[in-house]
Amino acid sequence: MSVDVGTVTQFPATETRSSTTAAIAARTLDVTVAGLTLLVLIPVIAVTVLAVRLTSPGPVLFRQRRLGRGMRPFTVLKFRTMRADADSKLHQEYVRSLINADPEPHEHGELYKLVVDPRVTKVGRFLRSWSIDEVPQLINVLRGEMSLVGPRPVIEYEVEQYPDWYLQRFAVKPGMTGLWQVSGRNERTYEEMIRFDVEYAERRSLWLDLRILARTALVVMRRQGVA
């Protein structure tokens, strides 16, 4: 199946929230936590900027076009963990194998991430191991492009191979963490990841978001599923 990612798919106007009050509460949680976290992490951000800039030529931030709610494109932000001249073809082939249920890639590494990736810098490996590379996505949250909790924001070349039912994941904003990430992500197949995303889109609530955020903190501290 080929999907025209340039066309915005029509999804419910509300993000499966039971009421306007719940939606306002969720947005308030996003803005408050994202803003406070950015302030607290200023020292970490400053050190990271210096480390990336001094150890690898190229920009500090990595920008990539992703698809958000309703398949609307936006630019996701991360600290750069790869060489500036890194070729995306290696990752494209890897993801295609995952979507097509080829077991071999999953047997050799974490879902969606190549464990042995020659494009990743030494500093980048450290940033990934502690999820520090994703801190700039807090800006995406403040912009309203992402939420703290939601499905992983996907790249366009992934969606081109999606069966129809996968598209249900686009009924909500993508998130920095989600149900899949706290449910044994390195033990899951790509299809199982999508099922978690769809389940989250159907069940989403403020209480569920708070539970996922609490579990995410434990996952990061234990460094579970690091690449």
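What counts, and at which threshold
- Residues numbered from 1 in each chain as written.
- Predicted model: local features only at pLDDT ≥ 70, side-chain atom pairs only at ≥ 80, totals over all residues.
- Heavy atoms only, no water.
- Phe/Tyr/Trp six-rings, centres within 6.5 Å; stacked < 30°, edge-to-face > 60°.
- Helix = DSSP H or I, 4+ residues; strand = E, 2+ residues; numbered from the N terminus.
- Buried < 20%, exposed > 50% of the residue type's maximum accessible area, 1.4 Å probe, protein only.
- Lys NZ or Arg CZ within 6 Å of the ring centre and 35° of its normal.
- Pairing = 2+ DSSP bridges.
- Axes fitted to C-alpha atoms, helices over the stretch in contact; angles between N-to-C directions.
- Parallel < 35°, antiparallel > 145°, perpendicular 65-115°, else oblique.
- Contact = heavy atoms within 4.5 Å.
- Polar contact = N/O pair within 3.5 Å; in protein donor to acceptor, adjacent residues only side chain to side chain.
- Core = buried A, V, L, I, M, F, W, Y, C linked by side-chain atoms within 4.5 Å.

Notes on the packing of aromatic side chains
In total, this model carries four aromatic pairs according to the counting rule given. When the ring of Tyr166 is compared with that of Tyr190, the centres are 6.4 Å apart and the planes differ by 25 degrees; the resulting orientation is stacked. Here Tyr190 lies in helix 8 (residues 190-203) and Tyr166 lies in the loop between helix 7 (156-159) and strand 5 (175-177), a separation of 24 residues in the sequence. Residue Tyr166 is classed as buried on the basis of its relative accessible area of 5%. On the basis of relative accessibility, which here comes to 1%, the residue Tyr190 falls in the buried class. Pairwise contacts between aromatic rings join Tyr162, Trp165, Tyr166 and Tyr190 into one cluster. The ring of Phe170 carries Arg169 above its face, with NZ or CZ at 5.4 Å from the centroid.

Quick notes on the sheet that holds strand 1 (residues 61-67)
By definition, the strands of a sheet pair up through backbone hydrogen bonds, in either a parallel or an antiparallel sense. Within the open sheet, the three strands sit side by side as 2-1-4. Their pairing is antiparallel. Looking along the sheet, the strands with just one partner apiece sit at the ends: strand 2 (73-79) and strand 4 (154-155). Sheet topology places strand 1 next to strand 4; two bridges connect them, and they run antiparallel. Note on strand 4: the bridge partner recorded for Leu67 is Val154.

With respect to the packing of helix 1 (residues 20-40) against helix 9 (residues 206-222)
Two elements in contact, helix 1 and helix 9, have axes separated by 10 Å at closest approach and are oriented at 25 degrees. Overall, the two elements helix 1 and helix 9 adopt an arrangement that is roughly parallel. Across from Ala25, Ala26 and Leu29 in helix 1, the residues of helix 9 making contact are Leu206, Leu210 and Leu213.

A closer look at the side chain of Arg152
Tracing the backbone through its elements, the reader meets Arg152 in the loop between strand 3 (147-149) and strand 4. At 2.8 Å, the side chain of Arg152 forms a polar contact with the side chain of Glu158.

Some details on the nonpolar core
Residues Val159, Tyr162, Phe170 and Tyr190 are the most contacted members of the largest nonpolar core, which totals 45 residues. Considering each element in turn, this core owes the most residues, seven residues, to helix 8.

Here's the deal with unusual backbone geometry
Phi angles above zero are rare outside glycine, and Met71 is one such case at about 65 degrees. As for its placement among the helices and strands, Met71 is situated in the loop between strand 1 and strand 2. Among the residues examined, Met71 registers a relative accessible area of 0% and is labelled buried.

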